[in-house]
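Listed below are the residues making up each chain.
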Amino acid sequence: MSNAPARLLGLTICLVVIPVYAETVLEDRTADLGLALGNGQACWADLNSDGWSDLCAGGTAWLNQGGESFARLADGLGTIVAADFDNDGFVDLFSWSSLQVFRNTGGTGFSPVPLPELPRSVSRGACWGDFNGDGFVDLYVGGYEDWDAGITYPDMILMNERGTGFRLAWSEVRYRARGVTACDFDQDGDLDIYVSNYRLQPNVLWLNDGSGQFRDAAAEHNALATSEGFEGGHSIGAAWGDFDGDGLMDLFAGNFAHVDSRGDQPKSRFLRNLGPEQGYHFQDLGTCGVFYQESYASPAAGDYDNDGDLDLYFTTVYGVASFGRHNYPVLYRNDGGFTFGDATAAAGVAEQPPTYQAAWADFDQDGDLDLVTAGKLFVNQGTEGHWLGVRLYGDGQTVNWCAVGAQVRIRLPDRTLTRQVEAGTGEGNQNDLTLHFGLGYHSEPVTLEILWPGGGMQTIPDVPVDRIVAVRRGGQ
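Residues numbered from 1 in each chain as written. Predicted model: local features only at pLDDT ≥ 70, side-chain atom pairs only at ≥ 80, totals over all residues. Heavy atoms only, no water.

Draft legend 1. Local environment of the pairing of strand E26 (residues 296–302). Taking burial as the measure, the seven residues of E26 include seven buried ones, the bulk of the element. Bridging between E26 and strand E27 (residues 311–316) involves five bridges; their strand directions are antiparallel. In the sheet register, Tyr-296 faces E27, and the bridge partner there is Thr-316. (Buried < 20%, exposed > 50% of the residue type's maximum accessible area, 1.4 Å probe, protein only. Helix = DSSP H or I, 4+ residues; strand = E, 2+ residues; numbered from the N terminus. Pairing = 2+ DSSP bridges.)

Draft legend 2. Structural context of the sheet that holds strand E14 (residues 155–160). In spatial order, the strands read E10-E11-E14-E15; together these four strands make up an open sheet with antiparallel pairing. Every interior strand has two partners, whereas the edge strands, strand E10 (126–129) and strand E15 (166–172), have only one. On average, adjacent strands in this sheet sit at an angle of 15° to one another, irrespective of strand direction. (Axes fitted to C-alpha atoms, helices over the stretch in contact; angles between N-to-C directions.)

Draft legend 3. Spotlight on the sheet that holds strand E38 (residues 457–463). Here we have four strands laid out as an open sheet, ordered E35-E34-E37-E38, and antiparallel in their pairing. Edge positions in the sheet fall to strand E35 (415–420) and E38, since each has one partner strand and no second. With direction set aside, neighbouring strand axes in the sheet form an average angle of 20°.

Draft legend 4. Up close: the nonpolar core. Counting 71 residues, the largest nonpolar core has Phe-94, Trp-128, Leu-388, Leu-392 and Leu-448 as the members making the most contacts within it. Residues contacting Leu-388, with those up to four places away along its chain left out, are Ile-410, Leu-435, His-436, Phe-437, Leu-439, Val-446, Leu-448, Val-463, Pro-464, Val-465, Arg-467 and Val-469. Grouped together as the second largest cluster of nonpolar side chains are 18 residues, Leu-207, Ala-217, Ala-225 and Met-249 included. (Core = buried A, V, L, I, M, F, W, Y, C linked by side-chain atoms within 4.5 Å. Contact = heavy atoms within 4.5 Å.)

Draft legend 5. Quick peek at the packing of aromatic side chains. Scanning the model with the defined rule gives 23 aromatic pairs in all. When the centroid spacing of 6.2 Å and the interplanar angle of 55° are considered together, the rings of Trp-128 and Phe-166 count as tilted. Pair noted here: Trp-128 is in strand E10 and Phe-166 is in strand E15, with a separation of 38 residues, a long-range link. Judged by its relative accessible area of 7%, Phe-166 is buried. Here the aromatic rings of Phe-256 and Tyr-318 are separated by 5.6 Å at their centres, their planes lie at 90°, and the arrangement is edge-to-face. Of the two residues, Phe-256 is situated in strand E21 (residues 250–256) and Tyr-318 in the loop between E27 and strand E28 (330–334); the sequence distance between them amounts to 62 residues. A relative accessible area of 9% means that Tyr-318 is categorised as buried. An aromatic cluster is built from Phe-243, Phe-252, Phe-270, Tyr-296, Phe-314, Phe-338 and Phe-340, whose rings are joined through pairwise contacts. (Phe/Tyr/Trp six-rings, centres within 6.5 Å; stacked < 30°, edge-to-face > 60°.)

Put into structure tokens, the structure is as follows:
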């Protein structure tokens, strides 16, 4: 089976032929591809700017060799999220496990960036985003806990000093944060932040005023992701996504949920964005088919079967008979109308071990999403659906080079597909910065509607499908 890899030449990209399979199956190709992955959280990003998505996992950065193999680039990086903080065209790294920024040295390696004196902290996740609208990505770092010592560590915002370094803009001991993920859910041009908190504490929806000043609007927008009788849940990670194809960014909040002396604790749930007519409040739809397991952990959204609906892979903390309970990661197929079904066995990823690792990317550019989880890279063996990959670039002045925070919409006859460029999802993972649209049986050219950070709109008509296209802010 041979596919011609897509090459970026503005919008002139070679066509990739999609093989047709009776079922979409994810196959473990880790060893074949030369990878030796740890089980820690994973991040996809093009580290050497050659157009191929590379992988960071287990503290190691792996360079993608044209979709056919991987080569080790650097070790000892910790657990990271990635974006271009100095707008030089090369993606930099933030290790939330060691609270260290690494500057990309032209795609050949990484060097530490000095940070200001920071309060002592332990983190379980972070995300990049241009929070103050100056064209440079900043960092929100979640603070967790030392349970034995009775210490809760602070969340922090590190503001980017226009690519020269960072300053500590804010820190606060509020709750015990696990996952951190950002989205312009109200489409006002600035990134808002959702923080998943543990220990039955309420989740936080930080609403951005456009200047990098935030207020907690979780209760106001019905985004606490909890149940009656509880202030919050044991949230570990959340994932933004337009799960119903209405052009609005919804939210899946993942909850670890005991049933014990403290009651029937809040389960994971989908929060549907109700749009501008209802103030971008969320409707709590409940589990929508996500069946109960006690130890759910980190979710990752992606359309693995190219039918246009965002599916959900959801990891677990317990494994076989841990604490007398069997908890396995689950791949939930989106069947439309906020109805999700178990596709784990059919897709070939049944009975994976405990993991917080879950991230999607079309690393081999064959038109379908591949999954890294549980220390393995599962390669998608094909799907019938058409597709489009969209790689956005900012101008490095008003919009950060990686276009983190941008949203792209494609309006089909029966729905609107929405994807966003995000640098942090679930608990400390990162999906690829290249946006993947499954288009089902839609084979005709599409129009891209791009909402850039800052609120600028750009429309690009007549984009052919079944390829990857690159779009730069203000150009094509």
